[in-house]
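Per-entry structural report
Next come the chains, spelled out residue by residue.
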Amino acid sequence: MYYDPVETMDRAALENIQAERLRETIEIAKRSPFYAERLKGIEPGDIKTPADVAGLPFTTKEDLRGQYPHGLLTRPLEDFVRLHASSGTTGSPVAIFYTRKDLDTWADLMARSMFCCGCRRSDVLQNTSGYGLFTGGLGIHYGSERLGMLTIPAGTGNTKRQIKLIRDHNVTVLHIIPSFALYFAQKVREEGYDPKDMPWRIALIGAEPHTEEARRKIERQMHIKAYNCYGLSEMNGPGVAFECEHQNGMHLWEDAYIPEIINPETGEHVAEGEVGELVMTTLRRDGMPIIRYRTRDLTRFLPGQCECGRTHRRIDRISGRADDMMILKGVNIYPMQVEQCLMTMPEVGQSYLIELIREGVSDQMRVKVEIKDEYFVEDMRALQGLQKRIAKNLCNEILVTPRVELCQSNSIPKAAGKAVRVVDLRDKE
Ligand code: ADP
Ligand code: ZN
């Protein structure tokens with residue numbers, strides 16, 4: 001079952017649509033001051049196939065910041081009805097403007113995405129994202145209503161009330177960020193309920209990098225099916241790529257975006273199936289189209305056809321942001337490698353934090369790890385043994401031995417939105 005016939009369209013027809021929409025996009029984009037300049041000498045007619053996108057210039061986050069607030073708008077301000085801003089995880093924010101038509105397209109993509117992982121109009125969705133500038137609030141909300149689900153805009157915080165809403169209204173679909181999900185499962189148990197008895201069946205998890213191990217842990221602890229969903233404000237927000245029931249990579253909606261994967265150093269396409277930086281061009285954005293946007297997100301195209309029958313290519317889960325990379329003793333390390341290792345250890349609780357510290361003249365990594373209550377015993381020798389084991393497992397994964405600090409559950413502070421996984425204390429301690 002599909003939401004939109006375009007999901008299973010054969011590749012040749014899909015590519016025709018892409019080429020047509022790319023020509024349109026170039027024409028529209030050139031009405032903005034930024035692209036009028038950036039696309040000088042480039043004409044819609046230059047595009048014969050979607051692969052010709054590779055001849056266009058990149059757009060970076062710095063470009064968007066430099067054009068703040070109105071430099072990419074293709075229409076007078078009065079034609080816009082909504083503004084979002086990226087959550088500013090990495091530096092100053094960027095504002096994204098939507099016309100009514102853009103909101104409509106986005107809601108459709110969102111509804112299609114949720115349908116793709118099994119949501120139906122008879123479902124009840126509770127959205128635990130903040131309803132602010134963050135696109136995970138209103139973006140999910142409008143998509144959910146478009147699909148016809150009863151939609152509960154619970155917002156963040158007040159876990160007790162969230163749990164009551166879920167139980168009172170038979171919530172079957174939960175939108176929750178992965179770093180909050182495990183904490184939430186624990187709260188449910190603390191309230192005296194078994195997650196097994198909760199009415200939910202589907203969790204939409206996204207907005208921040210997380211590993212397959214973290215997903216499985218969420219599924220086990222919440223008794224739920226958790227589907228990865230990917231998006232970013234610059235490309236509308238959530239609903240860019242979504243998992244189907246096979247949970248094997250995320251279908252990226254190629255009638256709305258042209259994806260490319262490049263080597264972030266050279267800007268060239270990587271070989272098919274290799275990991276690189278995801279670059280995307282909007283094909284259905286009217287008010288603020290963006291061409292070859294460098295997301296900084298690292299992923300790869302998954303080979304082969306998905307059993308679900310959708311023809312849109314799948315990307316692998318995001319393994320991190322190019323800016324997340326840490327270099328320690330000459331070794332490149334990503335936070336998700338640490339998570340992957342920790343989440344396979346049964347003693348490890350919900351949260352962890354990576355601190356970069358200075359020891360003498362060299363840099364060192366300290367990993368704070370929350371340990372489940374039942375393992376947080378008074379036996380010093382047992383704890384030291386556990387600490388050593390964690391350090392050793394981490395070393396096997398990241399090739400340097402970090403300092404490991406064991407912490408009690410809930411002792412690592414939680415961010416209000418996306419989790420902060422790394423703090424740099426090198427000039428502070
Ligand atoms: P910010 O860049 O300030 O966090 P956004 O709210 O637009 O702004 O977040 C988009 C970013 O969130 C993406 O570029 C990506 O890094 C991350 N992200 C979103 N969904 C996922 C996901 N499913 N897996 C990993 N990372 C994700
Ligand atoms: Zn599929």
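Use the structure listed above.
Small disclaimer: the values here were computed from a predicted structure and weren't measured. (Residues numbered from 1 in each chain as written. Chains lettered and ligands numbered in written order. Predicted model: local features only at pLDDT ≥ 70, side-chain atom pairs only at ≥ 80, totals over all residues. Heavy atoms only, no water.)

Here we take up the pattern of salt bridges. According to the stated counting rule, one finds 41 salt bridges in the structure shown. With a closest N to O distance of 3.9 Å, Lys196 and Asp194 form a salt bridge. Judged by relative accessible area, which is 33%, Asp194 ranks as partly exposed. Across the pair Arg215 and Glu212 runs a salt bridge, and its minimum N-O distance is 3.2 Å. One end of the pair is Arg215 and the other is Glu212, both in helix H8 (residues 212-222) and 3 residues apart, which spans about a single turn. Through salt bridges with shared partners, one network takes in Glu212, Arg215, Arg216, Glu219, Glu243 and Arg317. (Salt bridge = Lys/Arg side-chain N within 4 Å of Asp/Glu carboxyl O. Buried < 20%, exposed > 50% of the residue type's maximum accessible area, 1.4 Å probe, protein only. Helix = DSSP H or I, 4+ residues; strand = E, 2+ residues; numbered from the N terminus.)

Another point: the sheet that holds strand E9 (residues 250-252). Spatially, the 8 strands line up as an open sheet ordered E4-E3-E5-E6-E7-E8-E9-E13, and their pairing is mixed. The open sheet has two free edges, formed respectively by strand E4 (150-152) and strand E13 (314-315), since each of these has just one partner strand. In the sheet, E9 pairs with E13 via 2 bridges, with the strands oriented antiparallel. Paired with Met250 across the bridge in E13 is Ile315. Seen against the sheet, helix H4 (residues 100-116) touches strand E3 (124-127), strand E6 (202-206), strand E8 (237-243) and E9 and runs at an angle of roughly 30 degrees to E8. (Pairing = 2+ DSSP bridges. Contact = heavy atoms within 4.5 Å. Axes fitted to C-alpha atoms, helices over the stretch in contact; angles between N-to-C directions.)

Of the pockets and cavities examined, the second largest pocket occupies roughly 560 Å³. Lining the second largest pocket are 34 residues; nearest its centre among them are Ile177, Ser179, Ala415, Gly417 and Ala419. Those elements that place two or more of their residues in the lining of the second largest pocket are helix H7 (178-190), H8 and strand E17 (348-359). Partitioning the lining of the second largest pocket into residue classes produces 18 nonpolar, 11 polar and 5 charged. (1 Å grid on protein atoms, 1.4 Å probe; cavity = no way out; pocket = protein on both sides within 12 Å on 5 of 7 lines; lining within 4 Å. Points joined across faces, edges and corners; volume = space filled by probe spheres on them. Nonpolar A, V, L, I, M, F, W, Y, C, P; charged D, E, K, R; others polar.)

Shape is all these values report; function is a separate question.
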